[in-house]
Amino acid sequence: MNKLQKMLAELPKVDEVLSDERVAELCYTVPRSLIVNTVRNVIDKERQRIVKGGEAADCFDVNNFFNVIFEEIEKRNKPNLKRVINATGTILHTNLGRARLCKTAINAIQEITEGYSNLEYDIAKGERGSRYKHVEELILQITGAEAAIAVNNNAAATMLCLSAMAEDKEVIVSRGELVEIGGSFRIPDIMASSGAKLVEVGTTNKTKIADYIKAITEDTAAIMKVHTSNYRIVGFTSEAKLIELVELGKKKNLPVIYDMGSGLITDLTDYGIDEPTVLDGLKNGVDVMLFSGDKLLGGPQAGIIAGKKKYIDLMKKHSLARVVRMDKLTIAALEATLRSYLDIEKAKKEIPALKMITESIDSVKRRGERLIDLIADAEILHGEIILAEEQVGGGSAPNSIIKGYAVKIDTSIPAEKIERLMRKSTVPIIGRILRGNVCLDMRTVMDSELEVIADCLMDIDRRYCK
Ligand SMILES: *Cc1c(COP(=O)(O)O)cnc(C)c1O
């Protein structure tokens, strides 16, 4: 037997590892299949390492081997989808789950999913009911629309709307509004998938009402306006006013569809947010409005379609409605979120997205000061309050910058190291590196998360002090 063969022969067998007392004990808390797979993988990796290294490979180290196994089992036994702390200052961070839910929505999900529910059951009549009923009435109350349906997300809402209203027909859209949201949602592609034919009019920077008029043919099914929710065209620009489109639609007997994206209910210009509201659109006479549930509405992922009953009825009956329907978790959370809007002032305090946007700059600063107090004993880390620019994000209000504060971490430890250690801590903390320093934005951090952040920073401090 040569040296390599000897080293390989020293590797333990899966069964041997499993019968080790410490591993066997884990079986009480960790699924056995997970343990077996992990052990097999770690042995395989060890074998590959030895084969690759050949005669020069380090010998098998039994202590290290068991440590790797325990670490790996712990890692694999944790959920993949986990809570993180958002210290980026982007309120509706698409990669971090967009809107945080309000308390009543969280409670509703728990209540509805713990037991059975009247999801599709009419309790008064004792017969089959509709899942859409639970939120429709509330949407009407809040927006003043005639009818509404809520589906899985706004992309689905757009797809359903175009399929039901314009399959094999033409829909006119300005060239300045051919939006792409997050890669896979592109107006021309969604249009094609729905079976509607896109008719582009105008130019990137200028589209006039005359351009729409010229494009109308016998095959036109609708005029569509898409809110440029994640970019703005500035400079020498013009677009047809919503009211002009509505007038044109009335004259030519064509519905106007408005994909507005963000779903802002109450005006937030006082807080520096430059976005149209759902109510404005409907008041201007738009026939069908489309918007997301988890952008500025601040609820669960959903797509809401509100407008004239005759169009909404077409969508309710369409076969795609079933494909894009909402789940009961979403319905529970959306209903609770919408209920909050029955009192707008209360909504601004209860709905996290609105609460964060409307929180005063002083209050954000105080949170930063508390964090700095909590890490005052650190030796090589120091927090410093700095002015920061925050944004709404999630494809909403691309031009609106909210002024706020961040805690800048001043230290000799490289910023990339701190950023990585924070990201890899038990509750990952996602911050930003600005001009060579880790900066933790305080607008998107919850008071209850300050101690977790402080503990993580103190840990890093101790680690580097040694
Ligand atoms: C965000 C957005 C969408 C897509 O909405 P999702 O809810 O993410 O599917 C569609 N249109 C516009 C204008 C948007 O801003």
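Look up: the structure comes first, before these words.
Position numbers for residues start from 1 in each chain and track the written sequence from start to end. A pLDDT threshold of at least 70 governs which residues receive local features in this predicted model, and a stricter bar of 80 or more applies before side-chain atom pairs are shown or counted, although totals over entire chains, interfaces and linings include all residues. Working from all heavy atoms in the structure, the side-chain values ignore hydrogens and water.

Visitor: Tell me what's going on with the pairing of strand S11 (residues 288-292), and back it up with residues and numbers.
Guide: Of all 5 residues that make up S11, 5 are buried, and the element is covered over most of its length. Buried, partly exposed and exposed residues are distinguished by accessible area as a fraction of the type maximum, computed with a 1.4 Å probe on protein chains only: under 20%, between the cut-offs, and over 50%, respectively. Working definition: helices are DSSP H or I runs of at least four residues, strands are E runs of at least two. Numbering for both runs from the N terminus. Residues Val288, Leu290 and Ser292 point to one face of S11 and Met289 and Phe291 to the other, with burial holding for every one of them. Both strand S10 (residues 256-261) and S11 contribute to a ladder of 4 bridges, which runs parallel. Bridged to Tyr258 within S11 is Met289. The handedness rule is simple: strands pointing away from the viewer, and a clockwise path from the first strand over the helix to the second, make the crossover right-handed. Crossover S10 to S11 through helix H12 (residues 278-283) is right-handed. Here the rule is simple: two strands pair whenever DSSP picks up at least two bridges between them.

Visitor: Requested: an account of the sheet that holds strand S14 (residues 401-411), with residues and values cited.
Guide: Read across the open sheet, the 4 strands follow the order S13-S14-S17-S16; overall the sheet is antiparallel. Of all the strands in the sheet, the pair left with one neighbour each is strand S13 (381-391) and strand S16 (432-434). Averaged over all pairs of adjacent strands, the angle between strand axes in this sheet comes to 40°, irrespective of strand direction. Judged from the 3 bridges that link them, S16 and strand S17 (residues 437-441) form a sheet pairing that is antiparallel. Among the inter-strand pairings, Arg432 is bridged to a residue of S17, identified as Cys439. Lying over the sheet, helix H19 (residues 415-423) contacts S13, S14, S16 and S17, oriented at roughly 40° with respect to S17. Here an axis means a line fitted to C-alpha atoms, over the contact stretch when the element is a helix, while the angle between two N-to-C directions is reported on a 0 to 180 degree scale. Whether two residues are in contact is decided by their heavy atoms: any pair within 4.5 Å suffices.

Visitor: Which residues make up helix H5 (residues 62-76), and what are the values?
Guide: Between the first and last C-alpha of H5 there are 21 Å, a value that for 15 residues agrees with the 21 Å anticipated at 1.5 Å per step. Within H5, the full set of buried residues consists of Phe65, Phe66, Ile69, Glu72 and Ile73. Looking straight down H5, one finds its buried side chains confined to an arc of 130°; they lie on one side. Facing away from the buried side of H5 by more than 90 degrees, the exposed set consists of Asn63, Glu71 and Lys75. Packed against the buried residues of H5 are helix H2 (14-18), helix H3 (21-26) and helix H4 (32-53). The distance from a side-chain oxygen at the start of H5 to the backbone nitrogen of Asn63 is 3.0 Å, and the residue carrying that oxygen is Asp61. A helix is expected to span 1.5 Å multiplied by its residue count minus one. The arc in question is traced by the directions running from the helix axis to the C-beta atoms. Any pair of nitrogen or oxygen atoms within 3.5 Å is treated as a polar contact; in protein, a donor-acceptor pairing is required on top of that, and neighbouring residues in sequence qualify only through side-chain atoms on both sides.

Visitor: Account for the side chain of Asp441, naming residues and giving values.
Guide: Take Asp441: it is sitting in strand S17. Using a relative accessible area of 0% as the deciding quantity, one classes Asp441 as buried. For Asp441, the side chain forms a polar contact with the main-chain nitrogen of Arg443, separated by 3.3 Å. Beyond its immediate stretch of four places on either side in the chain, Asp441 contacts Ala87, Thr88, Gly89, Ala388, Glu389, Glu390, Tyr405, Ala406 and Arg432.

Visitor: Tell me about the packing of helix H7 (residues 133-143) against helix H15 (residues 328-340), and name the residues and values.
Guide: The contact between H7 and H15 brings their axes to 10 Å, and the two run at 25°. Classified by the interaxial angle, the pair formed by H7 and H15 is roughly parallel. In the crossing of H7 with H15, the sense of the turn from one axis to the other is left-handed. Contacts from His134, Val135, Leu138, Ile139 and Ile142 of H7 reach H15 at Ile331, Leu334, Glu335, Leu338 and Arg339. By the definition adopted for this analysis, an angle is roughly parallel if under 35 degrees, roughly antiparallel if over 145, roughly perpendicular if from 65 to 115, and oblique otherwise. Each crossing gets its hand from how the near helix is turned against the far one by less than a right angle, where anticlockwise is left-handed and clockwise is right-handed.

Visitor: Which residues make up the packing of aromatic side chains, and what values go with them?
Guide: For Phe, Tyr and Trp, where Trp contributes only its six-membered ring, two rings pair if their centres lie within 6.5 Å, and the inter-plane angle classes them as stacked under 30 degrees, edge-to-face over 60, or tilted in between. Summed over the entire model, instances satisfying the criterion amount to 3 aromatic pairs. Look at Phe65 and Phe66: their rings are 5.5 Å apart centre to centre, the planes differ by 85°, and that puts the pair in the edge-to-face class. By the burial criterion, Phe65 is buried, and Phe66 matches it. Consider the rings of Phe66 and Phe70, whose centres lie 6.1 Å apart with planes at 40°: the pair is tilted. Remark: Phe70 and Phe66 occur in helix H5; sequence separation between them is 4 residues, near one turn of the helix. Aromatic rings pair up to connect Phe60, Phe65, Phe66 and Phe70 into one cluster. When the ring centre of Phe66 is taken as reference, the NZ or CZ atom of Arg22 above it lies at 4.6 Å. Any Lys NZ or Arg CZ found within 6 Å of a ring centre and within 35 degrees of that ring's normal is scored as a charge over the ring.

Visitor: Describe the environment of Asp280, naming the residues involved and giving the relevant values.
Guide: Tracing the chain through its elements places Asp280 in helix H12. Taking the C-alpha atoms as reference points, Asp280 and Thr266, separated by 14 residues in sequence, lie 9.7 Å from one another.

Visitor: I'd love a proper account of the sheet that holds strand S4 (residues 147-151), names of residues and values included.
Guide: Within a sheet, adjacent strands bond to each other through the backbone by hydrogen bonds, running parallel or antiparallel. Taken in spatial order, the 7 strands line up as S4-S12-S11-S10-S9-S5-S8 in an open sheet, and their pairing is mixed. Strand pairing shows two members of the sheet lacking a second neighbour, S4 and strand S8 (197-201), which therefore form its edges. Mean inter-strand twist for the sheet, computed between neighbouring axes without regard to direction, equals 20°. Bridge count for S4 against strand S12 (residues 303-307) is 5 bridges, and the pairing is antiparallel. Within S12, the position partnered with Val151 by the bridge is Gly303. Those strands touched by helix H13 (residues 309-317) are S4, S11 and S12, and its axis lies near 35° from that of S4.

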